[in-house]
Amino acid sequence: MPTTYPTAKLDVRYSEPGAEPVSWPETLGVLESAELFWLTTVRVDGRPHVTPVVAVWHDDAMYFSTAAIEQKMRNLEHSGKVAVTTGNNFWTKGLDIVVEGTAAEVTDIGTLRRVVDAFDAKYGGDNSWNLELVDGVAQVANHPAIVFRIEPAKVLAFGKAPHTQTGYRFAHAAVTV
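Residues numbered from 1 in each chain as written. Predicted model: local features only at pLDDT ≥ 70, side-chain atom pairs only at ≥ 80, totals over all residues. Heavy atoms only, no water.

A. Highlighting the overall build of the protein chain. Helix and strand counts for the protein chain stand at three helices and 14 strands. By its C-alpha atoms, the protein chain is 55 × 40 × 35 Å across when sized along the principal axes. Relative to all contacts within the protein chain whose residues are 6 or more apart in sequence, the contacts with residues 24 or more apart total 65%. Entry remark: accessible area of the protein chain is about 9600 Å², with carbon and sulfur atoms responsible for 54%. Looking at charge distribution, the protein chain has the averaged site of its 15 positive side-chain charges lying 7 Å from that of its 21 negative ones. (Helix = DSSP H or I, 4+ residues; strand = E, 2+ residues; numbered from the N terminus. Contact = heavy atoms within 4.5 Å. Areas by Shrake-Rupley, 256 points an atom, 1.4 Å probe, with all protein chains shown as cover. Lys, Arg positive; Asp, Glu negative; His and termini not counted. Charge placed at Lys NZ, Arg CZ, Asp CG, Glu CD.)

So, in structure tokens, the structure goes:
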């Protein structure tokens, strides 16, 4: 699949003077290598719900799974609007990322196979968490799982040395290379 490079813009209001935007390849590197993400969904009453998830960036989108009984699933049944964050807890080093978008259930078997392969490539050595496709059904630890794709509307990268805020838009302005 082609790699889509979204339009990047440095927000000078929140960036050190003379700073440059964080490059998309650097941001993509964090999205592809991070092992843990924080997913924010919205409860029916409007309160946020935040929970850690494992996820993969694949085919220009973020993928994660959940069980039907989990709070995040109940929230997603109400609203697909989500944010996913990753990064580190340091003020002067590293890169923090926020992905905003809409989560949609993945039901296409071919897509599920590719996503399972992406999870296996990233997390395959960890037997405590393993996404599998069994008879066309996604499973984690032998329990049915629902896989979601987050179509990014906006990505923010917060650089720390120097401090920057770079926004990326995934709209008609994106360029495919």
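B. The arrangement of the environment of V140 in detail. Take V140: it is sitting in strand β10 (residues 137-140). Taking relative accessible area as the criterion, V140 reaches 15% and is therefore assigned buried. Measuring from C-alpha to C-alpha, the distance between V140 and A19 comes to 43 Å, with 121 residues separating the pair along the chain. (Buried < 20%, exposed > 50% of the residue type's maximum accessible area, 1.4 Å probe, protein only.)

C. Examining the side chain of S65 more closely. Mapped onto the secondary structure, S65 falls in strand β6 (residues 61-66). With residues up to four places along the chain from it excluded, the contact list for S65 reads K72, W129, L131, V140, A145, I146 and V147.

D. Fine view of the packing of aromatic side chains. Counted under the stated rule, the structure contains four aromatic pairs. Taking 6.0 Å as the distance between ring centres and 65° as the angle between the ring planes, the aromatic pair formed by W24 and W57 counts as edge-to-face. Here the residue W24 occupies a position in helix α1 (residues 24-33), and W57 occupies one in strand β5 (residues 56-58), the gap between them amounting to 33 residues. In this pair, the class of W24 matches that of W57, namely buried. Taking the centre distance of 5.5 Å and the plane angle of 15° together, the rings of F64 and F148 count as stacked. (Phe/Tyr/Trp six-rings, centres within 6.5 Å; stacked < 30°, edge-to-face > 60°.)

E. Inspection of the sheet that holds strand β9 (residues 131-134) at higher detail. Taken together, three strands build an open sheet; the order of strands is β9-β10-β11 and the sheet is antiparallel. On the outer flanks of this sheet lie β9 and β11 (143-144), each paired with one strand and no other. (Pairing = 2+ DSSP bridges.)

F. Seen up close, helix α2 (residues 71-78). If you check which residues of α2 are buried, you get K72, M73, N75 and L76. Each buried residue of α2 sits inside an arc of 160° when the element is viewed along its axis, so together they form one side. Contact partners of the buried residues in α2: β3 (37-42), β4 (48-53), β6, β7 (81-86), β8 (95-105) and β12 (146-160). (Arc of directions from axis to C-beta.)

G. Focus on the pairing of β7. Where β3 meets β7, three bridges bridge the pair, whose relative direction is antiparallel. Its bridge partner being in β7, T40 is matched across the sheet by A83. Where β7 lies against β8, six bridges are found, and the strand directions are antiparallel. Directly across from T85, in β8, lies its bridge partner V98.

H. Region of the structure containing unusual backbone geometry. Cis peptide bonds are those with omega within 30 degrees of zero, and the linkage from A161 to P162 qualifies with 5°. Note that P162 resides in the loop between β12 and β13 (163-169). A positive phi angle, near 50°, is found at D59, a position not held by glycine. Of note, D59 is situated in the loop between β5 and β6. Despite not being glycine, D135 has its phi angle at roughly 50°, a positive value. Residue position: D135 is located in the loop between β9 and β10. We classify D135 as exposed; its relative accessible area is 79%.

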